[in-house]
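Coordinates in review
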Amino acid sequence: QANTVATGGDAGVVFTNGTASVVRFNAFGQTGDAAVILASMSNSLVKGNAMSLSGDAAIVVREGSSDIRVIDNEAHQSSDAGIFIADGSGNTVRGNVLLSNSAGIEVNGGQGNRIEFNAAHTNLGVGIEISGSGHNTVFGNTMDDNLQGGIWVDDGGINTDVTGNAARGNGG
């Protein structure tokens, strides 16, 4: 909590195979990998962190992580997405600001995730992308000026509810 991690050789913080972890109020800059990685985790919180120039996605939630709350973070100029969820279920991504990353938020696999009240602007790809992940909720997000579109849900996004979002000036 409340650390500054700059010019790291790999990830800023990594948690694996655990529960009830908290990554809160930190500043990460120029990490060689993601700023924050949670793998095979549950019931954890990533809140109020500022990340810039991550060598991968700024925040990575992967390997079946569940009930992770990613709230009120800022990610700028990451080499990959601002937030990336792989094969996670029941996670909440809320109130994050994602600017000038490869993409804003990517969800790949898993199900039952909530993506709500985030701002994804000027990203090189899509503001929010749901791929191979069903039964998600995408609500109240704002996506402006992303080069490849505002929200993209592929055929695997069955029963994904996309409502109440605003998308302006996106490419695609």
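So, here's what we can say about the structure. (Residues numbered from 1 in each chain as written. Predicted model: local features only at pLDDT ≥ 70, side-chain atom pairs only at ≥ 80, totals over all residues. Heavy atoms only, no water.)

Turning our attention to the nonpolar core. Core analysis: the biggest nonpolar cluster contains 26 residues, and Val-36, Ile-59, Val-70, Ile-83 and Ile-105 have the highest contact counts within it. Among the elements of the structure, strand S5 (36-39), strand S8 (59-62), strand S9 (66-71), strand S11 (81-86), strand S14 (103-108) and strand S17 (128-131) are those that each provide at least two residues to this core. Not counting chain neighbours up to four residues away, the residues in contact with Val-36 comprise Val-13, Val-23, Phe-28, Val-46, Ala-58, Ile-59 and Val-60. Grouped together as the second largest cluster of nonpolar side chains are eight residues, Ala-34, Ala-57, Ala-86 and Ala-103 included. (Core = buried A, V, L, I, M, F, W, Y, C linked by side-chain atoms within 4.5 Å. Buried < 20%, exposed > 50% of the residue type's maximum accessible area, 1.4 Å probe, protein only. Helix = DSSP H or I, 4+ residues; strand = E, 2+ residues; numbered from the N terminus. Contact = heavy atoms within 4.5 Å.)

Now for the packing of aromatic side chains. Counted by the stated rule, this structure contains one aromatic pair. Centroid distance Phe-117 to Phe-139: 5.4 Å. Interplanar angle 90°. Geometry classified as edge-to-face. Remark: Phe-139 occurs in strand S18 (residues 137-139) and Phe-117 occurs in the loop between strand S15 (114-116) and strand S16 (119-121); sequence separation between them is 22 residues. Phe-117 gets classed as partly exposed once you look at its relative accessible area, which sits at 46%. (Phe/Tyr/Trp six-rings, centres within 6.5 Å; stacked < 30°, edge-to-face > 60°.)

Attention shifts here to the sheet that holds strand S12 (residues 92-94). Pairing is parallel in the open sheet, where seven strands are placed in the order S3-S6-S9-S12-S15-S18-S21. Each edge of the open sheet is held by one strand with a lone partner, namely strand S3 (22-24) and strand S21 (161-163). Taking each pair of neighbouring strands and ignoring which way they run, the sheet shows an average axis angle of 5°. Alignment of S15 against S18, held across three bridges, turns out to be parallel. In the strand pairing of S18, Glu-116 is matched with Phe-139. (Pairing = 2+ DSSP bridges. Axes fitted to C-alpha atoms, helices over the stretch in contact; angles between N-to-C directions.)

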